[in-house]
Amino acid sequence: MSGSKPDILWSPHHPDRYVICDSELGLYRIGSVGSSETKAGTLPLSEKTAATLLAINSDTPYMKCVAWYPKHEPECLLAVGQANGRVVLTSLGQSHNSTYKELVGKEFVPKHARQCNTLAWNPVDSNLLAAGLDKHRADFSVLIWDISSKFSPEASVTSEKIRLSSVDLDSSTVVTKPLYELGQNDACLSLCWLLRDPKLLLAGMHRNLAIFDLRNTSQKTFVNTKAIQGVTVDPHVHDRVASFYEGQVAIWDLRKFEKPVLTLTEQPKPLTKVAWCPTRNGLLATLTRDSNIIRLYDMQHTPTPIGDETEPTIIERSVQPCESQIGSFAWHPSSQNRMVVVSAANRVMTDFTVFERISLAWSSTTSLMWACGRHLYDCAEDGGEGVQSAIEKDIATKMRQRAQSRYGHDTALVWRNHLLAGGNDSQLKCLWYDLFYMKLCAEDTELKLQGNKQSVVYSGIKNIVKTSSGTTESRRCWSGSDRQTDVPRYHSEERCLALRLCGWINRGPDIDVEIFLRSLEHEREWERAAAVALFNLDIRRAIQILNKGATAEKGDLNLNVVAMALSGYTDEKSSLWREMCSSLRLQLKNPYLCVMFAFLTSEPGAYDGVLFESSVAVRDRVAFACMFLSDTQLPRYIDKLTNEMKEAGNLEGILLTGLTKDGVDLMESFVDRTGDVQTASFCMLKGSPGDVLKDPRVQCWIENYRNLLDAWRFWHKRAEFDIHRGKMDPSSKPLAQVFVSCNFCGKSISYSCSAMPHQGRGFSQYGVSGSPTKSKVTSCPGCRKPLPRCALCLMNMGTPVSNCPGTGKSDEKVDLTRENKLAQFNNWFTWCHNCRHGGHAGHMLSWFRDHTECPVSACTCKCMQLDTTGNLVPSDSS
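What you are looking at is a predicted structure, and each value in this text was computed from that prediction instead of being measured.

Participant: Help me out: how do you make sense of the overall build of the protein in this one?
Facilitator: A tally of regular secondary structure across the protein gives 25 helices and 36 strands. Taken across its 878 residues, the protein has 48% of its residues classed as buried. Of the contacts made within the protein by residues no fewer than 6 positions apart, 51% connect residues no fewer than 24 positions apart. A total accessible area of about 44100 Å² is found for the protein, and carbon and sulfur atoms account for 50% of it.

Encoded structure:
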């Protein structure tokens, strides 16, 4: 390679050794920086690796090409092709095997001197060495030498003409008779043995690529092309070959050798080297002249076998291993995507690793995985309670768990949906109880309201109290107290409705909270029950509840102290009791105990200590306001509280806004804060008017939730949700999109469904409902041609399954007619999209339980195995 750029060869068996070929041969060992193998004077290759020079060989001048012997012994045997066509075996190591010592220095001489362009060892029969030479009109250009040959002038057969070297050499080291001679009157520029068959040799001749078979050297397979340089076989796909000409690379498939399957983008400068990555499938590296960039072509997605018309897609990228111009490069034989490059001048070497593009995949079940090279990394959080709780609190995980428990689908006892959500979210509890009380009021036949009852109830307390009229003020004395102070309270039908929506009272004009108090006691909410009793001016009942709470199992004994404080209530403004309660009530930890004393120490109409205690449930504060605020104060307070709830996205505010536009605004804030489209979808479907359901935000939440269910493979859950949505919002039912059409006239066989007196869906009016008493239509309503026959029962389609003889076992036949509902699936038309055979769905399912092939004789179609979705199992199938 004198006068040309250097080249690199990795040792086939030593991953830490390589040879630099220039005017001389240099053997290097690569190691980590600071290791015992690297000594002073080493050449740095990267931040972590350095190279040590082990040996130099200057005995072979005029080098044009070099090939490393592929076997273990001798370990450093090299074949060198020279400018005069000779091939010399040389070594960079010391071998103690006398047999291999004889090989070193051996020469293989062609008949006519001309340049040797390329060398290739046979990977299986390592005695065979192929040499590609320039053209000579009277000689062959592809010579295959046997390095174990003993041909010499003394041992030659008299009939053979052996040409002696003009140089005085030991005749025992010269071989002049090649084992095979190929490519007469042509030039060979590149060579490689085919990995699929060691007897096949691919050669880049002057104007064509030729495949020579050593078993029949008189014939060859060739294709005319200019891309004849640098032929190399993909080590992973043995039928894929790359070659180049000037700045263009051609990719060949040896099974379709007529033309390249792919031609890569032409480079502005001529190419100097092309090499497949030995550790990565389909990765090709190319180098152009006077460049510091190596271009990579990733063909890992290439379909095999490759089609006639479609070109495989590739991913192209460039890497820059060093700043200086690159003379050559070589892939490491075993390290993933690693290469060593050598600069065109001064032999500056660089150890470089091509980093893979990383593909991330974030699953719908919160798992993260990425692919890098051959590796798949499943990213798991480090174990720990904090991390685990963070995963459990993720809204996607919560929605998935709730969907499995059928959250939102309980339409009878609506409040139970918060239990299906886990029962530990106070806002969800308030939301579903609010919707439950709205449902009770909307279904109450005794409740008389102006306008549409449902629209009024679901419009929210904010709109209800605005229409309040006929409010009466009454004064009630304390029950159970010696003090006969009158406390003003307000009554109206609208306020009573608001109290019902808050859950304080049941139907009827009287305000009786006893049932509500008992339910609170049952749930062990002693402080809240005592506060509600106190707000209803029953101080003795409040004390009784506190005492009961103190003596209950795991009760708070401090409740007795609070009860004792209540029993000393006095309405004297300057009393010591009032003074102490005003100052010490803020030290109470429970907000309901705090507002009890705030109520007792407040002036009539000035209840800010109760109304603005944020820790008290919204429904309790609203119920209190409906009882003790005037018509002037009440709307003002409700409006202010509604705005606070909307800004915070607090679901307790649905009680105030109802399922109106204000409710959508509140729910939007909630979804923005939590991402819980599941709750938003179910809530808006419970009683919203049509114009609210048509709001783009509501539609967006519903569609996103449906997509989530599909992503989780909860197809049954998504179907249940669609059915639930159709019941709540009839306008959302999709129109029929698929019809069965007649083979003769092309019209839908169910086009007249809407004109029939019976409004059943599907084909029930054509006698496919499964009932023998229904009329059956077995011909097209348009052209009266008969419908196709079932491949199993041979009855025309449209005939109910119950009228057809069973095709399977007796239990299967019974199963086919077990349900007698409209348009049952067993009677549906079904057919294979491949062979077009079919019949009743029930019969087809019964057949394919025991068979794989189509029931029509002479048809070998495996109908049920053609559906790729048949292998997918719904996650909610259990």
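After that view, the rundown keeps rolling.
Participant: Any chance you could explain the sheet that holds strand β30 (residues 359-362) here in plain terms?
Facilitator: The strands that make up a sheet are held in pairs by hydrogen bonds between backbone atoms, and each pair lies either parallel or antiparallel. Taken together, the 3 strands give an open sheet; going across it, the order is β30-β31-β32, and neighbouring strands pair in antiparallel fashion. Only two strands of the sheet have a single neighbouring strand rather than two, namely β30 and β32 (375-379). Across the sheet, the mean angle separating the axes of adjacent strands is 20° when strand polarity is ignored. Strand direction decides the pairing type here: strand β31 (residues 368-372) and β32, joined by 5 bridges, are antiparallel. For Leu-368, the partnering residue across the bridge sits in β32 and is Cys-379.

Participant: Looking at this structure, I do not really get unusual backbone geometry. What am I missing?
Facilitator: Excluding glycine, residues mostly carry a negative phi; peptide bonds, for their part, are mostly trans. With a phi angle near 65°, Arg-524 is a residue other than glycine that sits in the positive phi range. Looking at the secondary structure, you find Arg-524 in the loop between α9 (514-522) and α10 (526-535). For Arg-524, a relative accessible area of 41% puts it in the partly exposed group.

Participant: Would you take a moment to explain the packing of aromatic side chains for this structure?
Facilitator: When we look at a pair of aromatic rings, we describe it by the centre distance and by the angle of the planes. Enumeration over the complete set of coordinates arrives at 25 aromatic pairs. With a centroid separation of 5.8 Å and an interplanar angle of 65°, the aromatic rings of Phe-682 and Tyr-705 are classed as edge-to-face. Taken as a pair, Phe-682 in helix α20 (residues 677-685) and Tyr-705 in helix α22 (residues 696-711) lie far apart in primary sequence, 23 residues in all. With respect to class, Phe-682 is no different from Tyr-705; both count as buried. Ring-pair connections join several aromatic residues into one group, and the members of that group are Tyr-407, Trp-432, Phe-682, Tyr-705 and Phe-721. In this structure, Lys-785 packs its charged tip against the face of Phe-744, placed 4.6 Å from the ring centre.

Participant: Whenever I open this one, the sheet that holds strand β12 (residues 140-146) confuses me. Can you help?
Facilitator: Strand order in this open sheet of 4 strands is β10-β11-β12-β14, and the pairing throughout is antiparallel. Only two strands of the sheet have a single neighbouring strand rather than two, namely β10 (116-121) and β14 (180-184). Across the sheet, the mean angle separating the axes of adjacent strands is 15° when strand polarity is ignored. By the bridge criterion, 5 bridges tie β10 to strand β11 (residues 128-133) in an arrangement that is antiparallel. The residue of β11 that forms the bridge with Ala-120 is Ala-130.

Participant: Looking at this structure, I do not really get the nonpolar core. What am I missing?
Facilitator: Nonpolar side chains tend to gather and get buried jointly when the protein is soluble and globular. Counting 107 residues, the largest nonpolar core has Ile-461, Trp-504, Phe-599, Met-667 and Met-684 as its most contacted members. The dominant element in this core, judged by the number of residues it contributes, is helix α5 (residues 426-443), at 10 residues. Excluding its chain neighbours within four sequence positions, the residues that come into contact with Trp-504 are Leu-499, Asp-512, Val-513, Phe-516, Val-532, Phe-535, Asn-536, Arg-619, Asp-620, Ala-623, Phe-624 and Met-627. Among the nonpolar cores identified, the runner-up in size contains 19 residues, and Ala-67, Val-87, Leu-89 and Ile-147 belong to it.

Participant: So what exactly am I meant to see when it comes to the pattern of salt bridges here?
Facilitator: Opposite charge on two side chains lets them pair, provided their charged atoms get close. Using the criterion set out here, one finds 39 salt bridges in the structure. Ionic pairing is found between Asp-239 and Arg-255, a salt bridge with its closest N-O pair at 3.8 Å. With Asp-239 in the loop between β19 (229-233) and β20 (240-245) and Arg-255 in the loop between β21 (248-253) and β22 (262-263), the pair connects residues that are 16 residues apart, well separated along the chain. With relative accessibility at 18%, the residue Asp-239 sits in the buried group. Look at the salt bridges and you will find they share partners, linking Glu-703, Arg-706, Asp-710, Arg-718, Asp-722 and Arg-725 into a network.

Participant: Mind showing me how you'd approach helix α11 (residues 539-551) here?
Facilitator: Structural remark: α-helix, 3.6 residues per turn; residues separated by three or four positions point the same way. Between its first and last C-alpha, α11 extends 19 Å over 13 residues, near the 18 Å set by a 1.5 Å rise per residue. The inward-facing, buried residues of α11 contact α9, α10, α12 (558-567) and α14 (591-600).

Participant: It is not clear to me how the side chain of Ser-343 should be interpreted in this structure. Could you clarify?
Facilitator: Positionally, Ser-343 belongs in strand β28 (residues 338-343). Setting aside residues no more than four positions away along its own chain, Ser-343 makes contact with Pro-6, Ser-324, Gln-325, Ile-326, Gly-327 and Val-348.

Participant: Even after reading the chapter, I still don't get α5, so can you show me in this structure?
Facilitator: The terminal C-alpha atoms of α5, which comprises 18 residues, lie 26 Å apart, in line with the 26 Å expected from a rise of 1.5 Å per residue. Burial analysis of α5 places 14 of its 18 residues in the buried class, which makes it a mostly covered element. With a side-chain oxygen positioned 3.0 Å from the backbone nitrogen of Gln-427, the residue opening α5 is Asp-425.

Participant: Help me understand the environment of Ile-251 in this model?
Facilitator: As for its placement among the helices and strands, Ile-251 is situated in strand β21. If near-sequence neighbours (up to four positions away) are discounted, Ile-251 is found in contact with Arg-240, Val-241, Ala-242, Pro-260, Val-261, Leu-262, Trp-276, Leu-284 and Met-299.

Definitions and cut-offs
- What you see as residue numbers is a count from 1 along each chain, following the sequence as written.
- For this predicted model, a pLDDT threshold of at least 70 governs which residues receive local features, and a threshold of 80 or more governs which side-chain atom pairs are given and counted, while totals over whole chains, interfaces and linings are taken from all residues.
- Computation of side-chain values: all heavy atoms of the structure, hydrogens and water removed.
- The helix count covers DSSP runs of H or I at least four residues long, the strand count covers runs of E at least two residues long, and both are numbered beginning at the N terminus.
- In this scheme, a residue with accessible area under 20% of its type's maximum is buried, one over 50% is exposed, and one in between is partly exposed, where area comes from a 1.4 Å probe on protein chains only.
- Here, residues are in contact when the closest pair of their heavy atoms is within 4.5 Å.
- The protein chains shown are the only cover counted for residues, whose accessible areas, like all others here, come from Shrake-Rupley with a 1.4 Å probe.
- Paired strands, as defined in this entry, are two strands with at least two bridges between them according to DSSP.
- For every element, the axis is a line fit to its C-alpha atoms; helices are fit only across the contacting stretch, and the angle between N-to-C directions ranges from 0 to 180 degrees.
- Aromatic rings from Phe, Tyr and Trp, taking only the six-membered ring of Trp, are treated as a pair when their centres fall within 6.5 Å; an angle between ring planes under 30 degrees marks them as stacked, one over 60 as edge-to-face, and anything in between as tilted.
- Over a ring means this: the NZ of a Lys or the CZ of an Arg is within 6 Å of the ring centre and within 35 degrees of the ring normal.
- Put simply, a nonpolar core is a bunch of buried Ala, Val, Leu, Ile, Met, Phe, Trp, Tyr and Cys residues held in one set by side-chain atoms that sit within 4.5 Å of each other.
- One side-chain nitrogen of Lys or Arg within 4 Å of one carboxyl oxygen of Asp or Glu is enough to make a salt bridge.
- In this scheme, a helix's expected span is set at 1.5 Å multiplied by one less than its residue total.
- Whenever a nitrogen or oxygen atom comes within 3.5 Å of another N or O atom, the pair is scored as a polar contact, on the condition that within protein one atom can donate a hydrogen and the other can accept it, and that pairs from neighbouring residues in sequence are kept only if both atoms are in side chains.

Shape descriptors only; they carry no functional weight alone.
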